[in-house]
Amino acid sequence: DFKPQIRPFKFIGHKGPVNDVIFTADSSKIISCGEDREIKIWKNSVNGKNKTVKAHSGPVLKISLSQQ
C-alpha cells in the first residue's frame, strides 16, 4: 500500500528474468541476480544506480549474505 504522494522505485538493469532479490540488513542496498549471469548491487534510492558483478558462467539462482 502506497500513499498517493509516494511511488515505488523501478530498477532497470538485468537483461533477462530476475531470480532473487534481497535487502542488506540496514536496507541501504538491494542485491539482485538473474538469468543474465549477473549480480547487481543497487543503492536503495530513486537514482537506481548499481554495480554489476559478472563472474558466473551460468544463471545466478540465489543470493545470501553472511553476517560477518
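Computed from a prediction, not measured in an experiment: that's the story for all the values here.

A. Quick look at unusual backbone geometry. The phi angle at S27 is positive, at roughly 60°, despite the residue not being glycine. Residue placement: S27 occurs in the loop between β1 (18-23) and β2 (29-34). Given the relative accessible area of 38%, S27 is considered partly exposed. Non-glycine residue R37 carries a positive phi angle of around 70°. Tracing the backbone through its elements, the reader meets R37 in the loop between β2 and β3 (39-43). Judged by its relative accessible area of 42%, R37 is partly exposed.

B. Molecular detail of the environment of I22. Looking at where I22 falls in the secondary structure, it is placed in strand β1. Judged by its relative accessible area of 18%, I22 falls in the buried class. Residues I22 and S64, 42 residues apart in the sequence, show an inter-C-alpha distance of 7.8 Å. Discounting residues that sit within four places of it in the chain, I22 has contacts with K29, I30, I31, I63, S64 and L65.

What counts, and at which threshold
- Residues numbered from 1 in each chain as written.
- Predicted model: local features only at pLDDT ≥ 70, side-chain atom pairs only at ≥ 80, totals over all residues.
- Heavy atoms only, no water.
- Helix = DSSP H or I, 4+ residues; strand = E, 2+ residues; numbered from the N terminus.
- Buried < 20%, exposed > 50% of the residue type's maximum accessible area, 1.4 Å probe, protein only.
- Contact = heavy atoms within 4.5 Å.

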